[in-house]
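Coordinates in review
As a plain string of letters, each chain reads:
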Amino acid sequence: MRQTIVISLALTCALALTACQKSADGEVSRAMASVNAVDENGLSDIMLTVADPNEAVSYFKRSSSENPKRIDLKRGLAMSLVRAKKNTEAVAAWRAVVKHEDSTLDDKVDFADALLRNGDWKEAETTLDGIPPTHETYKRYRLEAMVADSNKEWKKADSFYEIAVGLTTKPSGVLNNWGYSKLSRGDYPGAEKLFVEAIQYDPELFTAKNNLVLARGAQRNYQLPLVQMTQVERAQLLHTAALAAVKQGDVETGKGLLQEAIDAHPQHFEEAVRALRALQNNVTN
């Protein structure tokens, strides 16, 4: 009898130890899975931000082929292809993402963005039209504005640009785009105002500075705007102002601005030198 009790106790202890071991193993496995997930997410974030775009493409291609059901990896591949400027592949990758059962409205917006980058304006417009109007994001309205611009639907474009500006804390890029839209329509004062706003938000945005000089030049105002600029930027902006002057028929003013650009540049400014020589040769001939 005593022997039976001892055996029973031994078996009970063994089973308890086995259960404890299994429980401990389970907890360790779960903990390791969590750590691996964190590590993987961290690596994905690095690949999508600071890593070389082509390296990121390789990483997500490999990872998504090993885990074909995971939409986050498909999405990472699509984003990486956009960063790598592989637009045709990016469209195909985003198409796969939006077909996934777990895709979101943001994925459709990103798909439309990839389509625009690839020049597929009609499909991009159709994709944006299929997104409910309640989905109000900066990127969605920025793309809507670009599509309206391409269709010369100016009132719609202005409305979309205005909404986009209100949905971001960094509106310099969209203000610059809006200004360029106004510039292309011939609304030079309106364009000038928007470029100034863009520069106020981002004093280093050279594209907006250059566009501002173009807008002023179209109004025969060739003086450089009072904005922050480096010496190289000053030379480049003088060059832009000179070309604007020549376009308006103010050739002598253009020649003077080109000479200023050459004198202002800290190195040899070959582009301005060629333009000045061409003007001088035309006058001589």
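Attention in this report is confined to the structure presented alongside it. (Residues numbered from 1 in each chain as written. Predicted model: local features only at pLDDT ≥ 70, side-chain atom pairs only at ≥ 80, totals over all residues. Heavy atoms only, no water.)

What to know about the overall build of the chain
In terms of regular secondary structure, the chain is built from 14 helices and zero strands. A total of 285 residues make up the chain; the buried ones form 38% of that total. By sequence separation, contacts in the chain at least 24 residues apart represent 45% of the contacts at least 6 residues apart. Counting every atom, the chain has about 16,600 Å² of accessible surface; 54% of that belongs to carbon and sulfur. (Helix = DSSP H or I, 4+ residues; strand = E, 2+ residues; numbered from the N terminus. Buried < 20%, exposed > 50% of the residue type's maximum accessible area, 1.4 Å probe, protein only. Contact = heavy atoms within 4.5 Å. Areas by Shrake-Rupley, 256 points an atom, 1.4 Å probe, with all protein chains shown as cover.)

Describing the pattern of salt bridges
Inspection of the entire model under this criterion finds 18 salt bridges. Residues participating in the shared-partner salt-bridge network are Asp110, Asp113, Arg117 and Lys139. (Salt bridge = Lys/Arg side-chain N within 4 Å of Asp/Glu carboxyl O.)

Topic: the packing of aromatic side chains
Under the criterion given, the structure shown has three aromatic pairs. For the pair Tyr161 and Trp178, a centre-to-centre distance of 5.8 Å together with 15° between the ring planes defines the contact as stacked. Linking Tyr161 in helix H8 (residues 154-166) with Trp178 in helix H9 (residues 172-185), this pair joins segments that are 17 residues apart in sequence. The exposure classification of Tyr161 matches that of Trp178, with both residues buried. Over the ring of Tyr141 we find Arg140, and its NZ or CZ is 5.6 Å from the ring centre. (Phe/Tyr/Trp six-rings, centres within 6.5 Å; stacked < 30°, edge-to-face > 60°. Lys NZ or Arg CZ within 6 Å of the ring centre and 35° of its normal.)

Notes on the layout of surface pockets
Approximately 240 Å³ is the volume attributed to the largest pocket. Residue lining of the largest pocket: Tyr180, Leu183, Ser184, Tyr188, Leu214, Gly217, Ala218, Ala244, Lys247 and Gln248, and that is the complete set. Those elements that provide at least two residues to the lining of the largest pocket are H9, helix H11 (206-217) and helix H12 (231-247). Considering every element that reaches the lining of the largest pocket, the biggest residue donor is H9, with three residues. Broken down by class, the residue content of the lining of the largest pocket amounts to six nonpolar, three polar and one charged. (1 Å grid on protein atoms, 1.4 Å probe; cavity = no way out; pocket = protein on both sides within 12 Å on 5 of 7 lines; lining within 4 Å. Points joined across faces, edges and corners; volume = space filled by probe spheres on them. Nonpolar A, V, L, I, M, F, W, Y, C, P; charged D, E, K, R; others polar.)

Concerning H11
End to end, H11 covers 16 Å across 12 residues, agreeing with the expected 16 Å (1.5 Å per residue, within 8%). Burial within H11 is extensive, with nine of its 12 residues counted as buried. The complete set of buried residues in H11 reads Ala208, Lys209, Asn210, Asn211, Leu212, Val213, Ala215, Arg216 and Gly217. For H11, the elements touching its buried residues are H9, helix H10 (188-201) and H12. (Expected span 1.5 Å × (residues − 1).)

Concerning a nonpolar patch on the surface
The grouping of Leu43, Ile46 and Val50 at the surface amounts to a nonpolar patch, some 270 Å² of accessible area in total. Relative to the elements of secondary structure, Val50 occurs in the loop between helix H1 (2-49) and helix H2 (53-66). Val50 sits in the exposed class, given a relative accessible area of 69%. (Patch = residues over 30% accessible without salt bridge, like charges linked within 9 Å, V, L, I, M, F, W, Y side chains within 5 Å.)

Such coordinate-based values are descriptive only and should not be taken to indicate function.
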